[in-house]
Amino acid sequence: MNDIVSGIGVDVESISRFRIPESKKQSFLIRIFTKKEIRYCNSKRDPAPSLAVRYAAKEAIFKAFSGIGVKCPGYNNIEILNKENGAPIVKINKEGYDKFNILVSLSHSGDMAIAFVVIT
Ligand SMILES: CC(C)(COP(=O)(O)OP(=O)(O)OC[C@H]1O[C@@H](n2cnc3c(N)ncnc32)[C@H](O)[C@@H]1OP(=O)(O)O)[C@@H](O)C(=O)NCCC(=O)NCCS
């Protein structure tokens, strides 16, 4: 496989920003995340690190696309899911993005969550 790297993006987020008061939670979550993402994050003892790292991934994807002059599909059209072994994968739920292969790596530690993206 000799895909050519066309876009890269990185983003780091503070996890405490995703400890959202119940009153504001629902409206924020559905604006940014898909139902599957919310279900996955809520399956964790502490959802905030997984929420923060998915938000970081969407920002990194925005940067990678903007670097190659492609319009970002919008926060909740980007879906970060996990394979059986836990590895994250990106799905774009909008037409016109099939030609892009989006690779992502995520990590969260302490109050920081980071995402790195490569688009081929
Ligand atoms: C998978 C692993 C690397 C994750 O590291 P961690 O410090 O627990 O977690 P981090 O905060 O750095 O990263 C968490 C993210 O890693 C991602 N992840 C989980 N499993 C993964 C895997 N198998 N491959 C790639 N990424 C993975 C997930 O996206 C996760 O975030 P999420 O649950 O919110 O989606 C770690 O749990 C592990 O299995 N380490 C063993 C590695 C090993 O065997 N090393 C031997 C030498 S090669």
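Our subject is the structure that appears above.
Heads up: these notes are all about the structure in this document.

The rules we used
- Residues numbered from 1 in each chain as written.
- Predicted model: local features only at pLDDT ≥ 70, side-chain atom pairs only at ≥ 80, totals over all residues.
- Heavy atoms only, no water.
- Near = heavy atom within 4 Å.
- Polar contact = N/O pair within 3.5 Å; in protein donor to acceptor, adjacent residues only side chain to side chain.
- Areas by Shrake-Rupley, 256 points an atom, 1.4 Å probe, with all protein chains shown as cover.
- Helix = DSSP H or I, 4+ residues; strand = E, 2+ residues; numbered from the N terminus.
- Salt bridge = Lys/Arg side-chain N within 4 Å of Asp/Glu carboxyl O.
- Buried < 20%, exposed > 50% of the residue type's maximum accessible area, 1.4 Å probe, protein only.

Around the ligand, 13 residues are found, and the nearest of them are Y40, S50, R54, S107 and H108. Here N85 contributes a backbone N or O atom positioned 2.9 Å from a nitrogen atom of the ligand. Contact distances for the ligand include 3.3 Å between a nitrogen atom and a backbone N or O atom of G86. Here the ligand has 920 Å² of accessible area as a free molecule, and 39% of this is covered by the chains. Of all the elements in the fold, those that place two or more residues in the shell around the ligand are α3 (47-67) and β4 (102-109).

Bringing the pattern of salt bridges into the picture now. Side-chain pairs of opposite charge can arise whenever the charged atoms involved come near each other. Tallied over the full model, the rule gives five salt bridges. Across the pair D11 and K63 runs a salt bridge whose closest N-O atoms are separated by 3.2 Å. Within this pair, whereas D11 is found in strand β1 (residues 7-14), its partner K63 is found in helix α3, the two being separated by 52 residues in sequence. When its relative accessible area of 10% is taken as the criterion, D11 is described as buried. Between E13 and R17 there is a salt bridge, with its nearest N and O atoms 2.7 Å apart.

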